[in-house]
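The lines below spell out each chain.
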Amino acid sequence: MLAASLALAGPATSLRVDGDFINPLGFYDAMPTFSWRLPAGVKKQTAYQIQVRCGAKMWDSGWVMSDRSTFAPYGGAPFSSRDRVAWRVRFRDENGQDSSWSEPAFFELGLLSDSDWKARWIRPSGEGDQGKEPVACLRREFPIVKKIARARIYVTARGLFELSLNGRRVGDDYFANGWTSYHKRLDTLTYDVTSQLRSGENSLSALVGTGWYAGRLTWEPKVKDFYGGSPELLLQLEVAYTDGSSETIASDGKWEGSFGGPIVSSSLYNGEEYDARRQPSDWKPVATDAAIGNARLMPKPFPPVRVCQTLSSRAISTPQPGRYVFDLGQNMVGWARVKIPVEKDKTITIHFAEMLNADGTLYTKNYRSAESTDTYTAAATGTIEWQPHFTFHGFRYVELSGLPAGVVPQKDWVTGVVLHSALQPTGKFTSSSPKLNQLQSNIVWGQRGNFVDIPTDCPQRDERLGWTGDAEVFCPTAMFNYDCLSFWKSWLESMRDDQEADGRIPHVIPNVLPRWPGDSPGWMDAATIIPWQVYVRTGDTSVLAENFEMMTKLLGWYRKQSIGGLLPKIGGFGDWLQPYGKTLKGDTPLPLIGVAYYARSAQLVADAAHVLGKDDDARLYGAEAGKVRQAFAGQYFDADGRLKNAPETQTGYVLALAFDLIPPEIKPKAAAHLAQLVRDVGIHLRTGFLGTPYLARVLEENGYAAIAYDLLFQESYPSWFFPIDQGATTMWERWNSYSRKDGFGDATMNSFNHYAYGAIGQWMYERIAGLAPDPEHPGYKHFFVRPLIGKQLDSARAELETPYGTASSAWTRKDGDVELSVVVPPNASATIEFPDGRKPQTVTAGSYRFRMGPEAGSSR
Ligand code: BGC
């Protein structure tokens, strides 16, 4: 490589490929992008140079005169399967001084093409118990005689797998390979097992559960085997020896299989039945399938589910004799690891619940038909430590029954194991209000519980599906809490896979409700809104490029339904769960909601086209958006800014203002009507899934910041703080899913872990603390600091790991004044919009402190 020139600044750090992968193994992208961070003290990059080495091949970008330090393109030949690549970067700062080279970073490609697979799909011959969800046990023994240089397992399943090599678990992933649209795409995992192999005999085994592939899905108990009937494995162990030779041990007819292992049944919804007395004895040669199938096999392009934390029991109660209830103090998703005394041949039953009934017993009605129960039958008397395999539960309480008589339960018998996609936490929001902080905590727990490989509506009942509307409203908030660029990109790929030929987006992705095709504005628009939000928050243009066609196809569907820009016949879920609504769909007419989202999506497609340099498209779709806006305004608003041809609902006003659908001159009037509607009901919201995310923002942007703050701090139903006052530790599906006064809401739809109303998180960090991205300079290359000081707070603070480094905005009251502290990371800039009304100021990297008089301290 080139000799380093005089190095004055420290080197770049945090080297990443495709935005957020640090030294990945089994990487998916043959043409990655490169990102890095500059050291503190550097204001701006003026040029960079990247060197990439792969074996004897090298690519050198040369000095590129650019301030780009994220998503810098690779310009060499595409990488191939198994390539191991080293790269490094250096930069030139604002004074023209060159940094030293960074430490090298690495990535290793997984298997990129179907032709890399020599393995066959295997499964035990015969069938397991069809009344259950049986788990396939597979095994193979093989000798190793030469010295190993490197060994990799490439593996995927039609179902969920866990591997074991020489008695030790391979990797720390759970629910692998995850949930994609399996007929179209199967993700593969790569594991480095170099040190796990040994010379002599080796034994490799796998458990494959039904999971999302062949297990129960949806609320119809009969919907099983949605993708296929039996779990199957595809695996390739590739061993390279020090003498240059290599060997592949693949899943094939040499393996043996059985359904007779201790896991009698393991079902995502129903739980696991484990009988330690059973050991597979009926090993038989496996059934194999020579055809690799039509689904794309690709390295998993985002982090798998892992154990992300554990919770200890806080209290034990005994509401009924022999039934011990452990309280983990937090509604969570995953499972219970138990360490308990057992008696030979006796079964321990583990029940779960998010809430307790008044008598202290478990409230499980809201699980609906999901049995969510684990059982363990002991082979011998003693103490066991056990956790299930291919199931997960949404719970705060764990009930053990069937324990040996006379035992005294101990808190350490039950540990809550929190499982979710192993994304990096990125954002923190704190304030002087304990309740607001609890709300932030509830939002983050809602995200943890519902980011189990795909974004779900809820994690506990017989649903747990990738509902598009819930994901759409929560996406911006999610992007603050965790680095979920790759998570969203993967799910959007499944959305592309499952888009209907006519352009509609199914209600859930992956689509397992095929008889119920998508038609719901606000849900389908996940296809336009999520790519846009992800782009704005990361600066990754590929998320727009990859999804552009899907976005235009959705728009085409809207266009086809429209009559003069209106959508008189549109269906959908409406403003779902609006409090006091006449139906579950709320009181805002479906056609109004439809046109609002049609206009919004058209505008986003135009904006995306503009970013992608598709100028003709940008003009075309921009004009379409304009026409639809006009139709909307003409149909639904009078000259006085009042809703017409529709009932006056908060959401009707909110959507018109949030999506910029009415002429500027009537906006203040419409906002005044909205504010009045809020006041009319004692400063309460009357919005459902679609209106709620934008309500505070719209009020504040139009001169009603104090009302926005009052709404957020409202304690009586319906409000964000109401569930907190009832003891909520997660977001609830309904504001009154439970109340101390009236007990539980209708159990048919009563999730205690539903993140949709957590969408307020966006307003909390963008406005209360004041850290807001700038769509014109995405990925926080430039951002806004625009705190809004409310009378309810003495301080607020947001901190975010942006692609450029840590940014923060924090304000605090001091002796009647307000002090504002701002941190701008290297190579980024920020414009500070001061709450005291002084002229905005744009600053480059660094830490800043401002003092403002009391006039800053009260919102309008
Ligand atoms: C889900 C929601 C979803 C809705 C569609 C429900 O069953 O839990 O969150 O968006 O259906 O209306």
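Since we're looking at a predicted model, the values are computed, not measured. (Residues numbered from 1 in each chain as written. Predicted model: local features only at pLDDT ≥ 70, side-chain atom pairs only at ≥ 80, totals over all residues. Heavy atoms only, no water.)

A. Region of the structure containing helix α7 (residues 590–611). With 22 residues, α7 ought to run about 32 Å at 1.5 Å a step, and its terminal C-alpha atoms sit 31 Å apart, in line with that. With respect to burial, α7 is a largely interior element, 17 of its 22 residues being buried. Once α7 ends, the next one or two residues include G613, with phi positive near 75°. (Helix = DSSP H or I, 4+ residues; strand = E, 2+ residues; numbered from the N terminus. Expected span 1.5 Å × (residues − 1). Buried < 20%, exposed > 50% of the residue type's maximum accessible area, 1.4 Å probe, protein only.)

B. Highlighting the site of the ligand. Every residue close to the ligand is listed here: D457, R461, E463, W467, D470, W523, F573, W576, F689, E733 and H754. A distance of 2.6 Å is found between an oxygen atom of the ligand and a side-chain nitrogen or oxygen belonging to E463. Protein chains bury 95% of the 310 Å² of accessible surface belonging to the ligand in isolation. Its residues assigned to classes, the shell around the ligand comprises 5 nonpolar, 1 polar and 5 charged. (Near = heavy atom within 4 Å. Polar contact = N/O pair within 3.5 Å; in protein donor to acceptor, adjacent residues only side chain to side chain. Areas by Shrake-Rupley, 256 points an atom, 1.4 Å probe, with all protein chains shown as cover. Nonpolar A, V, L, I, M, F, W, Y, C, P; charged D, E, K, R; others polar.)

C. A look at the sheet that holds strand β4 (residues 45–54). Taken in spatial order, the 5 strands of this open sheet run β2-β8-β7-β4-β5, and their pairing is mixed. Because the sheet does not close on itself, it has two edges, and the strands there are β2 (25–27) and β5 (57–60). Averaged over all pairs of adjacent strands, the angle between their axes in this sheet comes to 30°, without regard to strand direction. Summarising the sheet, β2 and strand β8 (residues 105–109) pair through 2 bridges and their orientation is parallel. When the bridges of β8 are listed, L25 appears paired with E108. (Pairing = 2+ DSSP bridges. Axes fitted to C-alpha atoms, helices over the stretch in contact; angles between N-to-C directions.)

D. The packing of helix α3 (residues 468–481) against helix α4 (residues 485–498), seen in detail. Viewed as axis vectors pointing N to C, α3 and α4 meet at an angle of 160°, and their least axial separation amounts to 13 Å. Overall, the two elements α3 and α4 adopt an arrangement that is roughly antiparallel. Both α3 and α4 take part in a crossing whose hand is left-handed. Listed contacts from α4 to T468, A471, C475, A478 and M479 of α3 are W488, W491 and M495. For the contact of α3 with α4, the residue count by class is 7 nonpolar, 1 polar and no charged. (Parallel < 35°, antiparallel > 145°, perpendicular 65-115°, else oblique. Left-handed = near helix turned anticlockwise from the far one by under 90°. Contact = heavy atoms within 4.5 Å.)

E. Highlighting the pattern of salt bridges. Scanning the model with the defined rule gives 59 salt bridges in all. K781 serves as the salt-bridge partner of D67, at 3.2 Å between the closest nitrogen and oxygen. Linking D67 in the loop between β5 and β6 (72–73) with K781 in the loop between β39 (771–773) and β40 (782–785), this pair joins segments that are 714 residues apart in sequence. Residue K781 is classed as buried on the basis of its relative accessible area of 17%. Measuring nitrogen to oxygen at the nearest pair gives 2.9 Å for the salt bridge that ties R396 to D327. With R396 in strand β32 (residues 393–401) and D327 in strand β26 (residues 323–342), the pair connects residues that are 69 residues apart, well separated along the chain. (Salt bridge = Lys/Arg side-chain N within 4 Å of Asp/Glu carboxyl O.)

F. Region of the structure containing the sheet that holds strand β10 (residues 136–144). If you walk across this open sheet you meet the 6 strands as β13-β12-β15-β10-β18-β21, and the pairing is antiparallel. The sheet is open, and its two edges are formed by β13 (168–169) and β21 (284–285), each paired on a single side.

G. Region of interest: the environment of D817. With respect to the element layout, D817 can be found in strand β43 (residues 817–832). Note on D817: relative accessible area 21%, which makes it partly exposed. For the pair formed by D817 and P854, sequence separation is 37 residues and the distance between their alpha carbons is 4.8 Å. For D817, the contacting residues outside a window of four places in its chain are T812, R851, M852, G853 and P854.

H. Spatial organisation of the pairing of strand β27 (residues 347–353). With respect to burial, β27 is a largely interior element, 5 of its 7 residues being buried. Alignment of β27 against strand β30 (residues 373–377), held across 5 bridges, turns out to be antiparallel. Following the sheet pairing, I348 is matched in β30 by Y376.

I. Main features of helix α10 (residues 667–680). The terminal C-alpha atoms of α10, which comprises 14 residues, lie 20 Å apart, in line with the 20 Å expected from a rise of 1.5 Å per residue. Considered for burial, the residues of α10 that qualify are K667, A670, A671, H673, L674, A675, L677 and V678. Of the surrounding secondary structure, the elements contacted by the buried residues of α10 are α9 (650–658), α11 (692–701) and α12 (705–712). One or two positions beyond α10, positive phi appears at G682, with a value near 70°.

J. Broad picture of the packing of aromatic side chains. Tallied over the full model, the rule gives 63 aromatic pairs. Measuring from ring centre to ring centre gives 5.3 Å for F659 and Y694, while their planes differ by 80°; the resulting arrangement is edge-to-face. Of this pair, F659 sits in the loop between α9 and α10 while Y694 sits in helix α11, placing them 35 residues apart in sequence. Residues F659 and Y694 agree in their burial class; the two are buried. A ring pair is formed by W720 and W735, whose centres lie 5.3 Å apart and whose planes are at 80°; its orientation type is edge-to-face. Residue W720 is found in the loop between α12 and α13 (721–725), and its partner W735 is found in the loop between α13 and β37 (738–739); the two are separated by 15 residues along the sequence. Like W735, W720 is buried. (Phe/Tyr/Trp six-rings, centres within 6.5 Å; stacked < 30°, edge-to-face > 60°.)

K. Just the confidence of the model for the chain, in detail. Per-residue confidence for the chain gives a mean pLDDT of 96, with 98% of residues at or over 70. In this model residues 1–7 is a low-confidence stretch, pLDDT under 50, and it forms 19 contacts with partners more than four residues away in sequence or in other chains. (pLDDT = per-residue confidence, 0-100.)

L. The arrangement of the environment of L566 in detail. You can see L566 is positioned in the loop between α6 (542–561) and α7. The sequence separation of L566 and Y598 amounts to 32 residues, and the corresponding C-alpha distance is 9.1 Å. Those residues in contact with L566 that sit more than four places away from it in its chain are Q561, V595, A631, F632, Q635 and Y636.

M. Expanded view of the nonpolar core. Counting residues in each nonpolar core, the largest one holds 216 residues, and the members touching the most others are L439 and W488. Ranked by residues supplied to this core, first place goes to α7 with 13 residues. Aside from chain neighbours lying at most four places away, what touches W488 is F451, P455, A471, C475, A478, M479, I530 and V534. Grouped together as the second largest cluster of nonpolar side chains are 31 residues, I144, V155, L189 and L237 included. (Core = buried A, V, L, I, M, F, W, Y, C linked by side-chain atoms within 4.5 Å.)

N. Quick look at unusual backbone geometry. In this structure, the amide linkage connecting I509 to the following residue, P510, adopts the cis form with an omega of -5°. Summarising the element assignment, P510 is placed in the loop between α4 and α5 (526–538). For the bond running from Y717 to P718, omega is -10°, close enough to zero to count as cis. Not every positive phi belongs to a glycine, and N23 is a case in point at roughly 45°. Of note, N23 is situated in the loop between β1 (13–17) and β2. Under the relative-accessibility criterion, N23 is labelled partly exposed at 42%. Positive phi is not limited to glycine here, since N645 has a value of about 55°. Structurally, N645 is set in the loop between α8 (615–636) and α9.

O. The arrangement of the environment of R537 in detail. Residue placement: R537 occurs in helix α5. Classification of R537 as buried rests on a relative accessible area of 6%. It is 10.0 Å that separates the C-alpha atoms of R537 and F783, two residues lying 246 residues apart in sequence. The contact partners of R537, leaving out residues within four places of it in the chain, are P476, M479, Q762, Y765, E766, P773, G779 and Y780. Here the side chain of R537 touches Q533 through a polar contact of 2.4 Å, side chain to side chain.

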